[in-house]
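# Observations on the model geometry
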Amino acid sequence: MRTQVVIIGAGPSGLLLSQLLHLAGVDCVVLERRDPEYVLSRIRAGVLEQGMVDMLERADVSDRMRKEGLPHDGFTLSVADTRLRIDLKGLTGGKSVMVYGQTEVTRDLMDAHRARDGKVIYEASNVTPLDFNGPNPSVTYDKDGTSHEIACDFICGCDGFHGVSRASVPDGAITEYEKVYPFGWLGILSYVKPVDHELIYSNHPNGFALASMRSEKLSRYYIQVPTGTDVKAWSDDAIWDELKIRLGSEAADRIETGPSIEKSIAPLRSFVAEPLRFGRLMLAGDAGHIVPPTGAKGLNLAASDIHYLSEALIEFYGEKSAAGIDSYSQKALARIWKAERFSWWMTMLLHQFPDLGPFNARMQQADMDYLASSHAAQVSLAENYVGLPY
């Protein structure tokens, strides 16, 4: 087979890139090692930046998001006794975020590919990028007991942190930066009404808690737990009880409880690989970077990569210019590090760090008090939360 671009990974970033390239007339094939049902079963982020909302509109996959998504004009921060609503819309000149689950974004992109008979090959095993340092790269894979090879111009690795794309880069070609946090987020998904119409981030002496949602009838809650915690050690009732404590009495009086339909623990880490381009192989999304979920940047940061990468590839084929390809890594990393900084700051503000002691608690309170008293600080927070410009 011959195509212009091979995309490894059929998560939201890979499918979004494929859709944007299709609309621009660029031929591509997407390879995914799992089946569609498994891809859709991944419970992930649910807060979309303004820039990602705009990208989904450009990709012509925004109709259901506009009907079912929940626009949010603000959110609440709570640290000890200080509680503050961040007015995103007022502080950013009209920008907001959209609550719409990653699963739903992926479903919409899958439907768009199915409608146009897009080239997505699921259950492709032993995917291997080859010869990407030269002018004639290719990707091999196995499917139904048969080996296949796709010749291409470019390979885009959108296959996540544990994917084959970054692992295929020669030793020494990547510099990795990583910070692993000593805790994770225990998440519970339940068909109950959200406790509030906006998100609540809370730092309690017992640990962090987040009240979020996927719809007006489907709630997503998180609590901070130590690294190594077994999810089976937490019953539904124990999680609800702890949420009521950590979110405070005002929220506790309104919180609805119910059986979980999903429980999991997500570890927290910051990770960046530099560079993101290796000849004709480019990394995007979790293949190149991870952020803690505290600032709601994971999926959104992948989308900004796809913005730069899609523009670069469209420019290459439309204008016969490699300028965008040559600058992709630099542009993407500049925004990645700003998002890493914001996610790190939010994580430091809102979590209990067992090794930092009472000094850190006073610093968190001072940071929160400054935020509550400073319009400029609130503007900075709001600008980062709705998403810095591409």
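Looking up the protein chain in an unreviewed UniProt entry gives the name 4-hydroxybenzoate 3-monooxygenase, with the organism given as Roseibium polysiphoniae.

Moving on, we come to the pattern of salt bridges. Inspection of every chain in the model, using the stated rule, returns 20 salt bridges. In this structure, the salt-bridge partner of Asp 108 is Arg 64, at a minimum N-O distance of 2.8 Å. A residue pair is termed long-range when its members are at least 10 positions apart, and Asp 108 in helix 6 (residues 102-115) and Arg 64 in helix 4 (residues 63-68) qualify at 44 residues. Assessed through its relative accessible area of 10%, Asp 108 is described here as buried. Connected via shared salt-bridge partners are Arg 64, Glu 68, Glu 104, Arg 107 and Asp 108.

For the rest of this paragraph, the subject is helix 10 (residues 298-319). With 22 residues, helix 10 should cover 32 Å at 1.5 Å per step; its first-to-last C-alpha distance of 31 Å lies within 8% of that length. Two residues or fewer after helix 10 comes Lys 320, characterised by a positive phi angle close to 55 degrees.

Let us look at the environment of Glu 68. One can find Glu 68 in helix 4. A residue is classified by how much of its surface remains accessible, and Glu 68, at 45% relative accessible area, is partly exposed. Remark: the alpha-carbon pair of Glu 68 and Ser 215, spanning 147 residues in sequence, is separated by 7.7 Å.

Turning next to the sheet that holds strand 9 (residues 125-130). Across the sheet, which stays open at both edges, the three strands sit in the order 9-10-11 with antiparallel pairing between neighbours. In this open sheet, the two strands that pair with only one neighbour each are strand 9 and strand 11 (146-151). The sheet shows a mean angle of 15 degrees between the axes of neighbouring strands, direction not considered. By the bridge criterion, six bridges tie strand 10 (residues 138-143) to strand 11 in an arrangement that is antiparallel. In the strand pairing of strand 11, Ser 138 is matched with Ala 151.

Another aspect to go through is the nonpolar core. In summary, soluble globular proteins display a tendency toward joint burial of nonpolar side chains. Grouped together as the largest cluster of nonpolar side chains are 75 residues, with contacts concentrated most on Val 5, Ile 7, Leu 17, Leu 31, Leu 48 and Leu 313. With near-sequence residues (within four places) excluded, Leu 17 lies in contact with Ile 7, Cys 156, Cys 158, Ile 306, Leu 309, Ser 310 and Leu 313. Grouped together as the second largest cluster of nonpolar side chains are 36 residues, Val 79, Phe 208, Leu 349 and Phe 353 included.

Moving on, we come to the environment of Ser 165. Within the fold, Ser 165 resides in helix 7 (residues 164-167). A relative accessible area of 0% means that Ser 165 is categorised as buried. Along the chain, Ser 165 and His 113 lie 52 residues apart, while their C-alpha atoms are 23 Å from each other. Among all residues touching Ser 165, those that are not within four sequence positions of it are Ile 8, Gly 157, Asp 159, Leu 281 and Leu 283. A distance of 3.0 Å separates polar atoms of two side chains, one belonging to Ser 165 and the other to Asp 159.

Conventions we followed
Residues numbered from 1 in each chain as written. Predicted model: local features only at pLDDT ≥ 70, side-chain atom pairs only at ≥ 80, totals over all residues. Heavy atoms only, no water. Salt bridge = Lys/Arg side-chain N within 4 Å of Asp/Glu carboxyl O. Helix = DSSP H or I, 4+ residues; strand = E, 2+ residues; numbered from the N terminus. Buried < 20%, exposed > 50% of the residue type's maximum accessible area, 1.4 Å probe, protein only. Expected span 1.5 Å × (residues − 1). Pairing = 2+ DSSP bridges. Axes fitted to C-alpha atoms, helices over the stretch in contact; angles between N-to-C directions. Core = buried A, V, L, I, M, F, W, Y, C linked by side-chain atoms within 4.5 Å. Contact = heavy atoms within 4.5 Å. Polar contact = N/O pair within 3.5 Å; in protein donor to acceptor, adjacent residues only side chain to side chain.

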